[in-house]
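Read off the chains here:
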Amino acid sequence: MEFLYRDLTTRHGLIDLYRHHHPDTVEHSWARRPELGYRYDHAHLTPTLLPRVTDCRYDHSTREHHADGSRLTDHSALTVTTTLTPTHPLLPSAPVNPAQHNEPTLF
């Protein structure tokens, strides 16, 4: 798995957003136990879009246990904050008959 992520940056020229914003920080997005964790969750981007990214960080609250012992997931959420602006609005729902609607939609 390590080679896959390394190839995304060295071979394909993509930027590891978390590492770009936190070059010396060690964080784990998944951990079997506190001393044994991995950064499985990544976001990569082309260098041309990099100036549009203002932040990238892990939200560990997604793997915290609730009072009943449940939790949302065993992975931390990876958040990416951008300054991207849409070029045109998208309809928030799918058209009933796509053939009759020639408009892009989110779903």
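Structure: see above.
Residues numbered from 1 in each chain as written. Predicted model: local features only at pLDDT ≥ 70, side-chain atom pairs only at ≥ 80, totals over all residues. Heavy atoms only, no water.

(A) Region of interest: the packing of aromatic side chains. Tallied over the full model, the rule gives four aromatic pairs. A centroid spacing of 6.0 Å and a plane angle of 25 degrees characterise the contact between Trp30 and Tyr38, whose relative ring orientation is stacked. Assessed through its relative accessible area of 16%, Trp30 is described here as buried. Using a relative accessible area of 33% as the deciding quantity, one classes Tyr38 as partly exposed. (Phe/Tyr/Trp six-rings, centres within 6.5 Å; stacked < 30°, edge-to-face > 60°. Buried < 20%, exposed > 50% of the residue type's maximum accessible area, 1.4 Å probe, protein only.)

(B) Expanded view of the pattern of salt bridges. Overall, the coordinates contain two salt bridges when judged by the stated rule. Where Arg39 meets Asp16, a salt bridge forms, and the shortest distance between an N and an O atom there is 2.6 Å. Note that Arg39 is positioned in the loop between strand S3 (36–38) and strand S4 (44–45) and Asp16 in strand S1 (residues 15–16), a separation of 23 residues in sequence. For Arg39, a relative accessible area of 17% corresponds to the buried category. For Asp16, a relative accessible area of 12% corresponds to the buried category. Taking the shortest distance from any N to any O, the salt bridge between Asp55 and Arg57 comes out at 2.6 Å. Taking relative accessible area as the criterion, Arg57 reaches 41% and is therefore assigned partly exposed. (Salt bridge = Lys/Arg side-chain N within 4 Å of Asp/Glu carboxyl O. Helix = DSSP H or I, 4+ residues; strand = E, 2+ residues; numbered from the N terminus.)

(C) Geometry of the side chain of Arg39. A polar atom in the side chain of Arg39 sits 2.6 Å from the side chain of Asp16. Not counting residues within four places of it along the chain, the set of residues in contact with Arg39 comprises Asp16, Tyr18, Arg19, Glu27, Ser29 and Tyr58. (Polar contact = N/O pair within 3.5 Å; in protein donor to acceptor, adjacent residues only side chain to side chain. Contact = heavy atoms within 4.5 Å.)

(D) Just the environment of Arg63, in detail. For Arg63, the location among the structural elements is in the loop between strand S5 (53–59) and strand S6 (77–82). For the pair formed by Arg63 and His75, sequence separation is twelve residues and the distance between their alpha carbons is 5.8 Å. If sequence neighbours within four positions are ignored, Arg63 has contacts with His28, Ser29, Trp30, Ala31, Arg71, Thr73, Asp74, His75 and Ser76.

(E) The nonpolar core, seen in detail. If you look at the biggest cluster of nonpolar residues, it comprises eight residues: Leu17, Tyr18, Ala43, Leu45, Leu50, Val53, Cys56 and Tyr58. Per-element accounting of this core gives the leading share, three residues, to S5. Ignoring any residue separated from it by four or fewer positions in sequence, one finds Val53 in contact with Leu17, His21, Leu45, Val80, Thr81 and Thr82. (Core = buried A, V, L, I, M, F, W, Y, C linked by side-chain atoms within 4.5 Å.)

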